There are 2 protein chains.
Amino acid sequence: MKGENSKRPIGVFDSGVGGLTVVREIKKTLPEEDIVYLGDTARVPYGTKSEKTIKKFAVEDVMFLLKYRVKLIVIACNTVSSVALNFLKETFPEIPIFGVVDPGVKEALRVTKSGNIGVIGTIATIKSGAHEKALLNAKEDLKVYTKPCPLFVPLAEEGITQGKIANDVISLYLHDLKGKIDALILGCTHYPLLKKAIKGFMGSDVTLVDPAVEIAKTVRSFLEKNNLLNNTGGELSIHLTDVPPHYKELIERFLGQKVNRIFQVELTGCEGGIKL
Amino acid sequence: MKGENSKRPIGVFDSGVGGLTVVREIKKTLPEEDIVYLGDTARVPYGTKSEKTIKKFAVEDVMFLLKYRVKLIVIACNTVSSVALNFLKETFPEIPIFGVVDPGVKEALRVTKSGNIGVIGTIATIKSGAHEKALLNAKEDLKVYTKPCPLFVPLAEEGITQGKIANDVISLYLHDLKGKIDALILGCTHYPLLKKAIKGFMGSDVTLVDPAVEIAKTVRSFLEKNNLLNNTGGELSIHLTDVPPHYKELIERFLGQKVNRIFQVELTGCEGGIKL
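Residues numbered from 1 in each chain as written. Chains lettered and ligands numbered in written order. Predicted model: local features only at pLDDT ≥ 70, side-chain atom pairs only at ≥ 80, totals over all residues.

For chain A, the name recorded in an unreviewed UniProt entry is Glutamate racemase, with candidate division WOR-3 bacterium as its organism. Per UniProt, chain A has the following entry under Pathway (unreviewed entry): "Cell wall biogenesis; peptidoglycan biosynthesis." Checking UniProt for chain A, the heading Function (unreviewed entry) contains the comment "Provides the (R)-glutamate required for cell wall biosynthesis." (UniProt positions renumbered as here; feature names shortened; annotations may be inferred.)

This is how it looks when you write it as structure tokens:
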């Protein structure tokens, strides 16, 4: 029975295609796992929307993945991880669900020397205070600086990841954090695309923490402990709720490899009709 | 019977709250009309999404407004007007539907002296070629320059409408158009917020055309011709599919007045289930 369960795929979802950076890391760490990815590209972004709506969308995302008999679910989206992780765990107790907040927090705690940590993310992520609470829960004498950076996502999607405009926007958002922290959690899947420019602005003393790298380790460790590792798979299927013409390039940029097939799917309608 | 129909409200919809700039102009021109506004803020933006998805969302938007027995519908969204106007007219032949493309085009034709006209908008709007086709249909010896400006919406929503970053982004998108045109259609409801900075970059010889102003004139003229003018109303009700915490300020910025009540509504579920 355990052997059979191990062959079930890992489910990963995100508000859009940014979560493919998480898939990329999981594939590196666990190349023989099958992965079912869902990106809710018809309703992206989530990070500017209300908690109620984010929870509703997240429930529909999880319900979609459950149809694929996934053995666990990774929330690649920092916004959903921040706002809805506990709610999803309560709503779907039958399936292990992992968010990207805790792995990022754990790594930031590991690398900080000064105990001064920065967190950047979407408006909803920062407003939730999820990273801050998790950090202070782990160690109460930390100093945590947070800042929403709403323009980073459109910049990354436009491919403006360096140069004058990128640098000015980075300076606008991060000048308050500069010189105060030695670890910075990149609390949005898009932000690693701006890593070089952010590092350039913040200085070489600041370690940038990419939760995508950390969540992959968390997943491996969970699968190992529960004897659920797959060593006969390795397939990735990508399901999106919308596929605009310019998406192929964006998908390949985030995933770091070529993609030949994408499934366009519908989430809403009667099947997702849980009223919150 | 005509008298009764005149009392029915005008329906206006948009992907988000940007369409309230159109409501503002309609209220100026027609202060005694009742207006029902729908902003699909749960799924905003539309401009980065596929034609198929934009059409599907637009059908759900129109179906929502029809429940209010509106006497006509204004598509405040340039993306929907560009991509889906004819499709909506065919799908709902019983109701007059107006988009913002034709009024903007008409005004640009009126103000241009050189016959060189620029059009800026979302990726989907520019890709549709709607403005270009309408302009060249009206006068085939025009020269039309188009450019998608995806960062203008997030800039406007962040309140970055002047200063270094705004100017650099404007320069990035518009330097190819500078010196070539004498009329520029602002083909997205958010762009008028950047009017001053765009004008500053393009120079005083270039007339900026705001379709919001023009569509209000079109609606008035239609109501007059069809004896449908209301002179006993003046109420505005705002319906949004999501109401994030920071929205009140944004709504008031676009509408230009205080707002006390917003209705949060659901579009999807079985009722919007038209498969395209």
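Here we take up the interface of chain B and chain A. Many descriptions give the size of an interface as the accessible area lost when the pieces come together. Facing 25 residues of chain B, the contacting portion of chain A comprises 25 residues. Counting residues per element, the side of chain B that touches chain A draws most heavily on helix H9 (residues 164-174) of chain B, which supplies five residues. For the side of chain B that touches chain A, the residue count by class is 12 nonpolar, seven polar and six charged. (Contact = placed C-beta atoms within 7 Å. Helix = DSSP H or I, 4+ residues; strand = E, 2+ residues; numbered from the N terminus. Nonpolar A, V, L, I, M, F, W, Y, C, P; charged D, E, K, R; others polar.)

All names here are of chain A. Each domain of chain A was delimited in the assignment, giving domain 1 (2-99 + 213-272) and domain 2 (101-211). The C-alpha centroid of domain 2 is placed 23 Å from the C-alpha centroid of domain 1. Each partner contributes residues to the interface: domain 1 has 25 residues there, and domain 2 has 23 residues. Looking at the side of domain 1 that touches domain 2, the elements that each hand over two or more residues are helix H2 (20-29), helix H4 (78-91) and helix H11 (211-225). In terms of residue count, H4 provides more of the side of domain 1 that touches domain 2 than any other element does, six residues in total. Classifying every residue of the side of domain 1 that touches domain 2 by side-chain character gives 11 nonpolar, 11 polar and three charged. (Domains from an automatic or database assignment.)

Side chains of nonpolar character tend, in soluble globular proteins, to be buried together. Core analysis: the largest hydrophobic core is formed by 166 residues, its most contacted members being Val74, Ile75 and Leu184 of chain A together with Val74, Ile75 and Leu184 of chain B. Beyond its immediate chain neighbours, meaning those up to four positions away, Leu184 of chain B contacts Gly118, Ile120, Met202, Val206, Leu208 and Val209 of chain B. (Core = buried A, V, L, I, M, F, W, Y, C linked by C-beta atoms within 7 Å. Buried ≥ 20, exposed ≤ 12 C-beta atoms within 10 Å, placed from the backbone.)

All names here are of chain A. As defined by bridge partners, strand E1 (residues 10-14) adjoins strand E3 (residues 72-75) across four bridges and the pair is classed as parallel. Bridge pairing links Phe13 to Ile75 in E3. Bridge analysis of E3 against strand E4 (residues 97-98) gives two bridges, and the strand direction is parallel. Its bridge partner lying in E4, Ile73 is registered against Ile97. Note that the unit made of E3, H4 and E4 has a crossover that is right-handed. (Pairing = 2+ DSSP bridges. Right-handed = clockwise from strand over helix to strand, strands pointing away.)

Let us now look at the sheet that holds strand E7 (residues 183-187) of chain A. Residues and elements named next belong to chain A. Reading across from one edge, E6-E5-E7-E8 is the order of the four strands in this open sheet, with parallel pairing throughout. At either margin of the open sheet sits one strand with a lone partner, and together these are strand E6 (143-148) and strand E8 (207-209). Geometrically, the sheet is characterised by an average inter-axis angle of 20° between neighbouring strands, direction not taken into account. (Axes fitted to C-alpha atoms, helices over the stretch in contact; angles between N-to-C directions.)

We now examine the environment of Val206 of chain B. Residues and elements named next belong to chain B. Note that Val206 resides in the loop between helix H10 (195-202) and strand E8 (207-209). Judged by C-beta crowding, with 23 C-beta atoms within 10 Å, Val206 ranks as buried. Val206 sits 28 residues away from Gly234 along the chain, and the two C-alpha atoms are 35 Å apart. Those residues within four positions of Val206 in sequence are excluded, and the remaining contacts are Ile181, Asp182, Ala183 and Leu184.

Residue and element names in this part refer to chain B. The geometry of helix H3 (residues 51-66) relative to helix H4 (residues 78-91) is characterised by a closest axis approach of 9 Å and an angle of 60° between their N-to-C directions. Relative to H4, H3 is oriented oblique. Once H3 is placed against H4, the crossing between them reads as right-handed. Contact residues: Glu51, Ile54, Lys55, Ala58, Val59 and Val62 in H3; Thr79, Val80, Val83, Ala84, Phe87, Leu88 and Thr91 in H4. Here the residues of the contact of H3 with H4 are counted per class, giving nine nonpolar, two polar and two charged. (Parallel < 35°, antiparallel > 145°, perpendicular 65-115°, else oblique. Left-handed = near helix turned anticlockwise from the far one by under 90°.)

Relative to chain A, chain B is turned by 180° and slid 0.0 Å along the rotation axis, the superposed coordinates differing by an RMSD of 0.0 Å. Such a combination of turn and shift is consistent with a two-fold rotation axis. Both copies share a contact surface, since 100% of the interface residues of chain B are interface residues in chain A too. (Least-squares fit on C-alpha atoms with pLDDT ≥ 70 in both.)

Moving on, we come to the environment of Ser128 of chain A. Residues and elements named next belong to chain A. Here Ser128 is to be found in helix H6 (residues 123-128). Of the residues examined, Ser128 has 22 C-beta atoms within 10 Å and is grouped as buried. C-alpha separation for the pair Ser128 and Thr79, spaced 49 residues apart in sequence, amounts to 8.7 Å. What Ser128 contacts, discounting residues up to four positions off in sequence, is Ser82 and Val83.

For the rest of this paragraph, the subject is unusual backbone geometry. All names here are of chain A. Along the chain, Val44 connects to Pro45 via a cis peptide bond; the corresponding omega equals -5°. Inspection of the secondary structure puts Pro45 in the loop between strand E2 (35-39) and helix H3 (51-66). Its identity as a non-glycine residue notwithstanding, Arg69 has a phi of 50°, on the positive side. Relative to the assigned elements, Arg69 resides in the loop between H3 and E3. Judged by the 13 C-beta atoms lying within 10 Å of it, Arg69 is partly exposed. Residues other than glycine seldom take positive phi values, yet Asn227 does so here, at roughly 55°.

Turning our attention to the sheet that holds strand E10 (residues 263-264) of chain B. Residue and element names in this part refer to chain B. Across the sheet, six strands lie side by side as E4-E3-E1-E2-E9-E10; this open sheet has parallel pairing. The two strands at the open ends of the sheet, each matched to only one other strand, are strand E4 (97-98) and E10. Running over the sheet, helix H2 (residues 20-29) touches strand E1 (10-14), strand E2 (35-39), strand E3 (72-75) and strand E9 (236-240) and is turned about 170° from E2.

Residue and element names in this part refer to chain B. Mapped onto the secondary structure, Ala166 falls in helix H9. We classify Ala166 as buried; it has 24 C-beta atoms within 10 Å. Considering only alpha carbons, one finds Ala166 and Asn137, 29 residues apart in sequence, at a separation of 34 Å. Every residue in contact with Ala166, bar those within four places of it in the chain, is listed here: Leu155, Ile160, Thr161, Leu194 and Ala197.

The next point concerns the UniProt feature "binding site: substrate" (unreviewed entry) in chain A. Residues and elements named next belong to chain A. Taken from the UniProt record, the annotation "binding site: substrate" (unreviewed entry) applies to Asp14, Ser15, Tyr46, Gly47, Asn78, Thr79, Thr189 and His190. Taking the farthest pair of C-alpha atoms as the criterion, the annotated set spanning 177 residues converges on one region, since that pair is 12.9 Å apart. For Tyr46, the position within the fold is in the loop between E2 and H3. Once residues within four sequence positions are removed from consideration, Tyr46 is found in contact with Ser15, Ile54, Phe57, Cys77, Thr79, Val80 and Ala124. For Gly47, a count of 29 C-beta atoms within 10 Å gives the class buried. Leaving out residues up to four positions away in the same chain, Gly47 has contacts with Thr79, Thr122, Ile123, Ala124 and Thr125.

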